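Architecture at a glance
As a plain string of letters, each chain reads:
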2 protein chains.
Amino acid sequence: MNHSDTQTAQKQVITPGELLEHWLGHRRVTRKVIQVFPEKEFFEYCIGGMRPFSKMVLELLRIAGPGMKEIVSGKMTEYKEEATEPESKEEFLRRWDLATGQVQTCWSELEAGDFHRKIKLFGQYEGTVISSIQYFIDNEIHHRAQGYVYLRALGIEPPAFYDRS
Amino acid sequence: MNHSDTQTAQKQVITPGELLEHWLGHRRVTRKVIQVFPEKEFFEYCIGGMRPFSKMVLELLRIAGPGMKEIVSGKMTEYKEEATEPESKEEFLRRWDLATGQVQTCWSELEAGDFHRKIKLFGQYEGTVISSIQYFIDNEIHHRAQGYVYLRALGIEPPAFYDRS
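Cut-offs and rules
- Residues numbered from 1 in each chain as written.
- Chains lettered and ligands numbered in written order.
- Predicted model: local features only at pLDDT ≥ 70, side-chain atom pairs only at ≥ 80, totals over all residues.
- Helix = DSSP H or I, 4+ residues; strand = E, 2+ residues; numbered from the N terminus.
- Buried ≥ 20, exposed ≤ 12 C-beta atoms within 10 Å, placed from the backbone.
- Contact = placed C-beta atoms within 7 Å.
- Nonpolar A, V, L, I, M, F, W, Y, C, P; charged D, E, K, R; others polar.
- Core = buried A, V, L, I, M, F, W, Y, C linked by C-beta atoms within 7 Å.
- Least-squares fit on C-alpha atoms with pLDDT ≥ 70 in both.
- Expected span 1.5 Å × (residues − 1).
- Bend = angle between axes of the 7 residues up to and from the residue.
- Axes fitted to C-alpha atoms, helices over the stretch in contact; angles between N-to-C directions.
- Parallel < 35°, antiparallel > 145°, perpendicular 65-115°, else oblique.
- Left-handed = near helix turned anticlockwise from the far one by under 90°.
- Pairing = 2+ DSSP bridges.
- pLDDT = per-residue confidence, 0-100.

1. Looking at the overall build of chain A
- The helix and strand inventory of chain A stands at seven helices and two strands.
- Mapped in sequence order, the helices and strands of chain A form the string α-α-α-α-α-α-β-β-α.
- Looking at chain A as a whole, 32% of its 165 residues qualify as buried.

2. Digging into the interface of chain A and chain B
- Contacts between the two partners involve 30 residues from chain A and, on the opposite side, 30 residues from chain B.
- Mapped by element, the contributors of at least two residues to the side of chain A that touches chain B are α1 (3-10), α2 (16-36) and α7 (129-153) of chain A.
- Examining the composition of the side of chain A that touches chain B, we find that eleven residues originate from one element, α7(A), more than from any other.
- Residues belonging to the side of chain A that touches chain B are distributed by class as follows: 16 nonpolar, eleven polar and three charged.

3. Describing the nonpolar core
- Counting residues in hydrophobic clusters, the biggest one holds 58 residues, and the most contacted among them are Val13(A), Ile14(A), Val13(B) and Ile14(B).
- Every element with two or more residues in this core is listed here: α2, α4 (53-73), α6 (89-107) and α7 of chain A together with α2 (16-36), α4 (53-73), α6 (89-107) and α7 (129-153) of chain B.
- Aside from chain neighbours lying at most four places away, what touches Val13(B) is Gln12(A), Val13(A), Ile14(A), Thr15(A), Pro16(A), Leu19(A), Ala112(A), Phe115(A) and Ile130(A).

4. Side note on the relation of the copies chain A and chain B
- Its rotation angle being 180°, the transformation that places chain A on chain B also includes 0.0 Å of axial translation and leaves an RMSD of 0.0 Å. The superposition of one copy onto the other is thereby described by a two-fold rotation axis.
- A share of 100% of the interface residues of chain A reappears at the interface of chain B, consistent with the copies meeting face to face through the same patch.

5. Brief notes about α4(B)
All names here are of chain B.
- When the terminal C-alpha atoms of α4 are compared, their 30 Å separation across 21 residues agrees well with the 30 Å that a helix rising 1.5 Å per residue should span.
- Pro66 marks where α4 bends most, by close to 25°.
- Phi for Gly74, located one or two positions after α4, is positive at around 75°.

6. What about the packing of α7(A) against α7(B)?
- For the pair α7(A) and α7(B), the least separation of the axes is 8 Å and the interaxial angle reads 50°. One finds that α7(A) runs oblique with respect to α7(B). Seen from above, α7(A) lies across α7(B) with right-handed handedness. Contacts between α7(A) and α7(B) pair Asp138(A), Ile141(A), His142(A), Ala145(A), Gln146(A), Tyr148(A) and Val149(A) from the former with Asp138(B), Ile141(B), His142(B), Ala145(B), Gln146(B), Tyr148(B) and Val149(B) from the latter.
- Partitioning the contact of α7(A) with α7(B) into residue classes produces eight nonpolar, four polar and two charged.

7. Considering the environment of Met50(B)
- Topologically, Met50(B) is positioned in the loop between α3 (39-44) and α4.
- The residues touching Met50(B), leaving out its near neighbours within four places in the chain, are Val149(A), Arg152(A) and Gln146(B).

8. Here we look at the environment of Val149(B)
- Residue position: Val149(B) is located in helix α7.
- The exposure class assigned to Val149(B) is buried, which follows from the 25 C-beta atoms found within 10 Å.
- A C-alpha to C-alpha distance of 27 Å links Val149(B) and Leu19(B), two positions 130 residues apart in sequence.
- Once you skip the residues sitting within four places of it in the chain, Val149(B) turns out to touch Ile47(A), Gly48(A), Met50(A), Gln146(A), Val149(A) and Ile47(B).

9. Remarks on the pairing of strand β1 (residues 118-121) of chain A
Residues and elements named next belong to chain A.
- Bridge analysis of β1 against strand β2 (residues 125-128) gives four bridges, and the strand direction is antiparallel. Residue Lys120 lies in a different strand from β2, and its bridge partner there is Glu126.
- Joining the antiparallel neighbours β1 and β2 is a turn of three residues, in which Phe122 adopts a positive phi near 50°.

10. Quick look at the packing of α2(A) against α7(A)
Residues and elements named next belong to chain A.
- With their axes 10 Å apart at the nearest point, α2 and α7 run at an angle of 25° to one another. Here α2 lies roughly parallel to α7, going by the angle between them. The two elements α2 and α7 meet at a crossing, and its hand is left-handed. Along its contact with α2, which presents Trp23, His26, Val29, Thr30, Val33 and Val36, the element α7 presents Ile137, Glu140, Ile141, Arg144, Gly147, Tyr148 and Leu151.
- Its residues assigned to classes, the contact of α2 with α7 shows eight nonpolar, three polar and two charged.

11. Considering unusual backbone geometry
Residue and element names in this part refer to chain A.
- Phi angles above zero are rare outside glycine, and Phe122 is one such case at about 50°.
- Tracing the sequence through the fold places Phe122 in the loop between β1 and β2.
- Residue Phe122 is classed as partly exposed on the basis of its C-beta count, with 15 C-beta atoms lying within 10 Å.

12. A few points about the environment of Gly25(B)
Residues and elements named next belong to chain B.
- Turning to its location among the elements, Gly25 is positioned in helix α2.
- On the basis of neighbour counts, which here come to 15 C-beta atoms within 10 Å, the residue Gly25 falls in the partly exposed class.
- With 100 residues separating them in the primary sequence, Gly25 and Tyr125 have C-alpha atoms 25 Å apart.

13. Some remarks on the confidence of the model for chain A
- Overall, the prediction assigns chain A a mean pLDDT of 92, with 90% of residues at 70 or greater.
- Scored by ipTM, the complex comes to 0.94, with pTM at 0.94.

Laid out in structure tokens, this is it:
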């Protein structure tokens with residue numbers, strides 16, 4: 001960031017680059033939560049009739065990459081690869097990393113002026129680019145926290161919430 | 001917002017007013033989660049050695065109002081009232097509403113240029129105003145989601161995550 005960008009940043013709540021880094025930090029935590037789950041429990045363990053953590057992560061995979069692709073392309077994303085459920089944690093992690101790459105690639109195409117653009121995501125969710133991205137991040141935090149409870153119930157220490165490294 | 005403000009907003013990721021409304025929406029959901037808990041289970045029910053939901057909400061009460069007061073005053077907040085734990089859900093809700101009022105009052109004192117100011121919150125957490133506020137919101141989503149699992153395990157339908165009304 002040059003001096004002029006820094007000055008502009010000082011007058012903004014958050015810059016596009018900072019928001020991306022914030023999300024990527026959360027994605028690193030979620031990746032660690034997937035990693036720490038035992039293979040069987042990742043796909044099978046549930047509490048109170050909720051979904052296993054694998055199904056929650058599948059939802060996150062169906063949102064982040066495709067959502068960002070739709071935001072930058074303006075076209076409804078096809079759900080081909082994303083619609084199928086990986087059969088191993090290893091494959092989930094591979095898909096997670098692919099989605100992280102998609103988020104980064106799409107982000108590089110966003111301009112500051114894009115965040116208040118009105119969109120109807122996945123053909124049904126009306127909002128703006130920023131409200132949609134906030135939903136993606138919040139929804140990830142929400143479901144990951146449910147994974148934390150599953151891990152605790154299984155006697156496994158989850159990764160620290162505040163460590164985004 | 002006048003026309004000039006609207007034009008400025010179009011070039012920002014998010015405006016201060018939008019971020020406040022985003023947080024207040026989350027605070028409304030968390031309030032509903034507190035409300036829907038049965039009195040006894042709010043204080044006693046746990047999974048996997050975690051805290052009961054009352055203790056998590058107490059943590060949120062110790063952060064939002066005092067954190068915002070510290071951000072706008074620059075002075076370490078004293079933990080007097082906030083340090084004591086309410087003994088009923090009704091009292092928790094009263095404190096919740098007080099804290100929401102504090103957040104709103106403090107927010108009105110924030111200028112756009114404040115968000116990148118460096119701070120050391122509660123004497124130990126180094127960051128900026130915006131990174132601190134993001135932590136407050138994310139931490140609320142995180143613990144509230146754990147409350148969702150407790151509710152599901154108790155056979156109680158939690159409020160919809162996406163309904164911020």
